[in-house]
Amino acid sequence: MERRQVLSKSAPYLFLIVPLIIYLIWVVGPMFYSFYLSMTKWDGLSAPVFIGLRNYQKLFKDPVFFVSLKNNLKWVVSFITIPVAAGLGLAMALNRTIPGEKFFKASFYAPMVLSFVVIGLIWSWMYNPAHGLLNQLLRMLRLDSLAIGWLSEKNVVMWAIIVVATWRQVGYVMVLYLAGLQGVDPGLLDASKVDGCSGWQTFRHVIFPLLAPVTVIVVVISIIDSLRAFDLVSVMTRGGPYNSSSVLANFMYIEAFNNYKMGYGAAISVIQFLISVVFIFIYLWRVLQTEMEY
Amino acid sequence: MTTRKFFSSPWRTLGFVALLLVTFIWLVPLLTALVTAFRSNDDIMLQGGPFSLPREIVLTNFQTAWERGGLSRYLPNSFIITLPSLLLTLFLSSLSAYALARFRFRGNRLIFFLYVGGTLLPFQVLMLPVFRLTDALGLYDTFAGLIAIHTAFQLGFCTFLLRNYMRTVPGEIMEAARIDGCGEFRIWWQIMMPLTMPAIAALATLEFTWIFNDYLWAIVLLRNDALKPVTAGLATLQGQYIMDWTVIVAGALLATVPTIFVFLFLQRYFIEGLTLGATKG
């Protein structure tokens, strides 16, 4: 790898200077500045006033913070299980020539190109208590007692939103696994067949271990995505009813931009960052490993 | 395998039917939206919900969303924000990717990791400082502010992907050009860029949908309704037409047309971009 790169004193810096300065000003700098803002009292208009760790003290006593944290956890756990399993299953099913292969793939990809706002609106209509498709279907099946307000029941609403997020995520996971399956040597599969492995055994002991690097990436990206979740909650419930569907990103937005407690909002975002950073490092470590293989 | 041979096995046929069923269920939300948008609100309510047969097909929902709902304004705004951001971020990241892929220098890997790590940040940790920055620069509530943050933030992912792609280009070609007295900028523009086009095409489709679909930055950095892109506009529409689901859904579908268009015609690039981004890492 090193031989392919050229030694030069000034050239790389000339190429880097403009993009890197922009990146430092708009991304890297702000990241650090959030730490400072989290230790201030700031309404967004007047200058921030330094107050030390008071925002954090308040945060750790705020019940909404813990509800949000728990909801993010539900999101993470759902995201690293259901879409991963479903995406892998679909990838296995579609990784062969079947009639209408393109149609099947496109159907699962489609939700990925829709914005979360559009998806949130369409699903809010599906969940509409009186006229939505879901409750209409339940009533048709004479399951009236199950035809509830999906977005207004405190114990249901978070799961109802996670279902929507899952619906979008499956296609993405499928793409990654399909790409991973391209790299599986067909010779190995033939060998396992010759050795008398059943289809499931081949999957369990040959294919799945070979896909391990993809699984690591999928799981890490899923965790990071669930910690960033904002749009769906914002469009569908705004965290309600009574904060029961609040997630950290949404909690942060409401505190900062609706209640003008921007210092407090920054503190929430720092917590979000500190949780994410663990997984960002896992991802970077994976990148470093592949670098070494060159 | 021919279709006939495929269906000669009963198990395979059964599997196929199961897959067909799952796919249909998957598409139900989209089909429902499509059917809803072409009916009048009264029609749905009176005939007993979305399963009823429509009495008539109407286009008025689209018209209402477009004219009174403001989509005629929001949708062009989305393009005004997305296209410059897309071009700028592709251009700038091709510069930084070239530096990181071709040259050995102190800090190469550190800068690379800065870009890769940045793409995974929760946006919230940038939100308030960027809000303050746009305010200080006089860019709050302007297209320029939004274009700046999209350009900067997407630099990370684009640099990551292009740099990995550029490293697969054999160095000999560029060496030969250098010996012939070609300057580095000409090598970048005339040799590297044409060879990187497949990756840039894949990246462009992906980035187009990402920037076009952004909602968070739009609501943080814009206040003026006349500047809002279609995602933020739809949220406003939802507030205006609270009970009028047919109009809301029609608006949502209209907002989707550009990305669906990209998806239908550039699906291969879109998927390529996604896989390049994740598996090369």
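Residues numbered from 1 in each chain as written. Chains lettered and ligands numbered in written order. Predicted model: local features only at pLDDT ≥ 70, side-chain atom pairs only at ≥ 80, totals over all residues.

Side note on the overall build of chain B
Helix and strand counts for chain B come out as 13 helices and one strand. The N-to-C order of helical and strand elements in chain B reads α-α-α-α-α-β-α-α-α-α-α-α-α-α. Its C-alpha radius of gyration of 24 Å places chain B more than 25% over the 19 Å reference for a compact globule of 281 residues. Along the first, second and third principal axes, the C-alpha set of chain B runs to 75 × 65 × 30 Å. The buried share of chain B, taken over its 281 residues, is 49%. Within chain B, contacts between residues at least 6 apart in sequence are counted, and of these 76% link residues at least 24 apart. (Helix = DSSP H or I, 4+ residues; strand = E, 2+ residues; numbered from the N terminus. Rg over C-alpha atoms; globule rule 2.2 N^0.38 Å. Buried ≥ 20, exposed ≤ 12 C-beta atoms within 10 Å, placed from the backbone. Contact = placed C-beta atoms within 7 Å.)

Notes on the overall build of chain A
Secondary structure summary: chain A contains 14 helices and three strands in total. Its C-alpha atoms put chain A at 75 × 70 × 30 Å along the principal axes. The proportion of buried residues among the 294 residues of chain A is 42%. Restricting the contact set of chain A to residue pairs at least 6 apart, pairs at least 24 apart contribute 68%.

Remarks on the nonpolar core
Formed by 168 residues in total, the largest nonpolar core has its most connected members in Leu121, Ile122, Ile161 and Leu232 of chain A together with Val249 and Ala252 of chain B. Sorting elements by how many residues they give to this core places helix 8 (residues 157-182) of chain A first, with 15 residues. The residues that make up this core include at least three from each of domain 1 (24-61 + 261-294) and domain 2 (64-257) of chain A. In this structure Val249 of chain B touches Leu121, Ile122 and Trp125 of chain A together with Ala33, Thr36 and Ala37 of chain B, once residues within four positions along its chain are discounted. (Core = buried A, V, L, I, M, F, W, Y, C linked by C-beta atoms within 7 Å. Domains from an automatic or database assignment.)

With respect to the domain arrangement of chain A
Residues and elements named next belong to chain A. Domains assigned within chain A are domain 1 (24-61 + 261-294) and domain 2 (64-257). When each unit is reduced to the centre of its C-alpha atoms, the spacing between domain 1 and domain 2 is 27 Å. On the side of domain 2, 13 residues touch domain 1, which itself brings 14 residues to the contact. In terms of residues, the side of domain 1 that touches domain 2 owes the most to one element, helix 14 (residues 262-293), which gives 12 residues. Its residues assigned to classes, the side of domain 1 that touches domain 2 comprises eight nonpolar, four polar and two charged. (Nonpolar A, V, L, I, M, F, W, Y, C, P; charged D, E, K, R; others polar.)

Some details on the environment of Ile162 of chain A
Residue and element names in this part refer to chain A. Relative to the elements of secondary structure, Ile162 occurs in helix 8. Here Ile162 falls in the buried class, since 22 other C-beta atoms lie within 10 Å of it. It is 8.3 Å that separates the C-alpha atoms of Ile162 and Phe79, two residues lying 83 residues apart in sequence. Apart from the residues within four sequence positions on either side, Ile162 is in contact with Lys74, Trp75 and Ser78.

So, helix 8 (residues 143-166) of chain B
At 3.6 residues per turn, the α-helix brings residues three or four places apart onto the same side. All names here are of chain B. In this model helix 8 runs 32 Å from its N-terminal to its C-terminal C-alpha over 24 residues, within 8% of the 34 Å that 1.5 Å per residue would give. The axis of helix 8 is deflected most strongly, by about 40 degrees, at Leu155. Of all 24 residues in helix 8, 22 are buried, a share of seventy percent or more. (Expected span 1.5 Å × (residues − 1). Bend = angle between axes of the 7 residues up to and from the residue.)

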